[in-house]
Amino acid sequence: MLSAEFSVVSAAYADDDDGDDGGSDDDGGSGNSGRSGSDGGKRFRGPQTLMDYLDNRRQIQAPRTRSTAKKRQQAAPVYEPRRLVALGLSDENIAQLQQQGFSVADRVEMRLTGAQLTRLQIPAKMSLQTARQRVSALVPDAVVDFNHYYQPEQTSAPETETKPAPAACNGTDCPLMRDLIGWNEPKAGAATCTILPKIGLIDTAVNPDHESLKQARMEIIRLSDDELPQSGTQHGTAVAALLVGAENSRAPGLLPQAELIAVDVFHGIKGDNNRATTYDLIRAIDLLAEKQVPLINMSLSGPDNLLLQKAVEAAAQRKITLVAAAGNEGPHAKPVYPAAYQNVIAVTAVDRNGNPYRRAVRGEHIDLAAPGVGVWTAASISGARQKTGTSFAAPFVTAAAARLKAEKPDLDNRQIAEELSRQAKDMGKPGHDPVFGWGLINAQALCSS
């Protein structure tokens, strides 16, 4: 187990994930592996105690430096062209907008807020910014923003792990990173989990025929437009297997007996990449809330969005615990969302030695660290391999939150976040810091399966 006396911060130099999510990462078993909106709901700087951190945060002033690769990546569109999303437009408002040349592309009742969620097509020859101002002026009480794009937390760079996984691996023979957090070593006196809560997963497509997931208690729902290409299965399958993979499979999960509801909000785009829209991401949160899912894992990232923020706040009011990947844009990148929202547990990644993942986003919004470099999990078709990135750290915290919820079902989302932070192993500078947050998640203090 790790000591709490980490004083030197070095970096883990494994690349993120292993390639484009649209293709296959099956290795045959070898295992080689426009800022928008207000400042409400953002993270704050300078915690002195845990309660100070939760209650008295100041707005983040994020570094502005960016790498050349990041600048190239930003050349891709960050929101849907010619479309806006709005929350709170009445039928009368819609009729007024239609008279001005707007049209409704999609509309659905958002049960979390009791308001209509609308995707608007803007008039020809009108800019998105002008259209947004026009809608906001007509309906001041409505929440209006761009329909931003979000990506699974991965890059197209190949992995460069210096220690490849063994050619043959089965069950406990796998190099499981869970040992780093004492997952299989419950503390004396810890309770035993009886009934685990449902876990929600918002991600790419999941391969239910993977041997690790064939027997899983899993429901898969696709939300994106059927006319769009389906998203790839690499990312979603890997994250799902980390959570509920069969115990005796080559990619055993942390909570194989738990029930998982996986919502695919992504669709395929050029270059075998995937993206999701704000509209579908909000619908997914709303759907999982309707199904009374108390925990949601979101290993994805994108821009700040007013409507997404509202959805996160509404979910928090329902006492839903939201866990998100901190992002792999680099230590000098600005915070990404939904991880940077106040009501979300932001998870960064470390390697087996407790070193921070070199591409992980840093900042005062980081809450917890978890294993995320060379994590053994399912490949997209069959077999398993090592994966790297904050995407694969987030499930460790989600699983820990599920154990805590099983042990103490009366805890709300805020209390769960506080308890996990209190039990974490301090790393880096004493107390909360922008690299590790409150420290490495500690599973020894939680109930055992």
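It should be emphasised that the depicted structure is a prediction, and the values quoted were computed from it without experimental measurement.

Focus on the packing of aromatic side chains
Here is step 1 of the chain: Applying the stated criterion across every chain, the model contains two aromatic pairs.
Here is step 2 of the chain: Aromatic side chains tyrosine 79 and phenylalanine 146 sit 4.7 Å apart centroid to centroid with 25° between the ring planes, which places their arrangement in the stacked category. Within this pair, whereas tyrosine 79 is found in strand β1 (residues 79-87), its partner phenylalanine 146 is found in strand β4 (residues 143-152), the two being separated by 67 residues in sequence.
Here is step 3 of the chain: Positioned above the aromatic ring of phenylalanine 146 is the side chain of arginine 132, whose terminal nitrogen or guanidinium carbon lies 5.4 Å from the ring centre.
Here is step 4 of the chain: Taking NZ or CZ as reference, arginine 275 lies 3.9 Å from the ring centre of tyrosine 149, over its face.

Focus: the pairing of strand β9 (residues 273-277)
Here is step 1 of the chain: When you tally the buried positions in β9, you get four out of five residues, the bulk of the element.
Here is step 2 of the chain: Bridge count for β4 against β9 is two bridges, and the pairing is antiparallel. Of the residues in β9, the one forming a bridge with tyrosine 149 is threonine 277.
Here is step 3 of the chain: Of the pairings in the sheet, the one linking strand β8 (residues 267-269) to β9 comprises three bridges and is antiparallel in character. Bridge pairing links isoleucine 269 to asparagine 273 in β9.
Here is step 4 of the chain: Remark: three residues form the turn of the hairpin made by β8 and β9, two consecutive strands paired antiparallel; glycine 271 in that turn has positive phi of roughly 75°.

Points about the sheet that holds strand β13 (residues 344-350)
Within a beta sheet, neighbouring strands are joined by backbone hydrogen bonds and run either parallel or antiparallel to one another.
Here is step 1 of the chain: Spatially, β6-β7-β5-β10-β12-β13-β14 is the arrangement adopted by the seven strands of the open sheet, whose pairing is parallel. Looking at the sheet topology across the chains shown, the edges are occupied by β6 (217-222) and β14 (368-371). Strand-to-strand twist across the sheet, computed as the mean angle between neighbouring axes with direction ignored, equals 25°.
Here is step 2 of the chain: With four bridges connecting them, strand β5 (residues 199-203) and strand β10 (residues 295-298) associate as parallel partners. Pairing of isoleucine 199 across the sheet is with leucine 295, part of β10.
Here is step 3 of the chain: The sheet strands contacting helix α5 (residues 234-244) are β5, β7 (259-264) and β10, and the helix crosses β5 at an angle near 165°.

Observations regarding the pattern of salt bridges
Here is step 1 of the chain: For the structure on display, the rule yields 13 salt bridges.
Here is step 2 of the chain: In this structure, the salt-bridge partner of glutamate 80 is arginine 119, at a minimum N-O distance of 2.8 Å. With glutamate 80 in strand β1 and arginine 119 in strand β3 (residues 115-121), this pair connects stretches of sequence that are 39 residues apart. For the pair glutamate 80 and arginine 119, one class covers both residues: buried.
Here is step 3 of the chain: With its nearest N and O atoms 2.2 Å apart, the salt bridge here joins arginine 119 to aspartate 106. Residue arginine 119 is located in strand β3, and its partner aspartate 106 is located in strand β2 (residues 103-110); the two are separated by 13 residues in the primary sequence.
Here is step 4 of the chain: You can call arginine 119 buried: its relative accessible area is 15%.
Here is step 5 of the chain: Looking at aspartate 106, the relative accessible area reads 27%, which means it is partly exposed.
Here is step 6 of the chain: The network of salt bridges with common partners includes Glu80, Arg83, Asp106 and Arg119.

Calculation notes
Residues numbered from 1 in each chain as written. Predicted model: local features only at pLDDT ≥ 70, side-chain atom pairs only at ≥ 80, totals over all residues. Heavy atoms only, no water. Phe/Tyr/Trp six-rings, centres within 6.5 Å; stacked < 30°, edge-to-face > 60°. Helix = DSSP H or I, 4+ residues; strand = E, 2+ residues; numbered from the N terminus. Lys NZ or Arg CZ within 6 Å of the ring centre and 35° of its normal. Buried < 20%, exposed > 50% of the residue type's maximum accessible area, 1.4 Å probe, protein only. Pairing = 2+ DSSP bridges. Axes fitted to C-alpha atoms, helices over the stretch in contact; angles between N-to-C directions. Contact = heavy atoms within 4.5 Å. Salt bridge = Lys/Arg side-chain N within 4 Å of Asp/Glu carboxyl O.

Taken by themselves, the reported measurements are silent on function.
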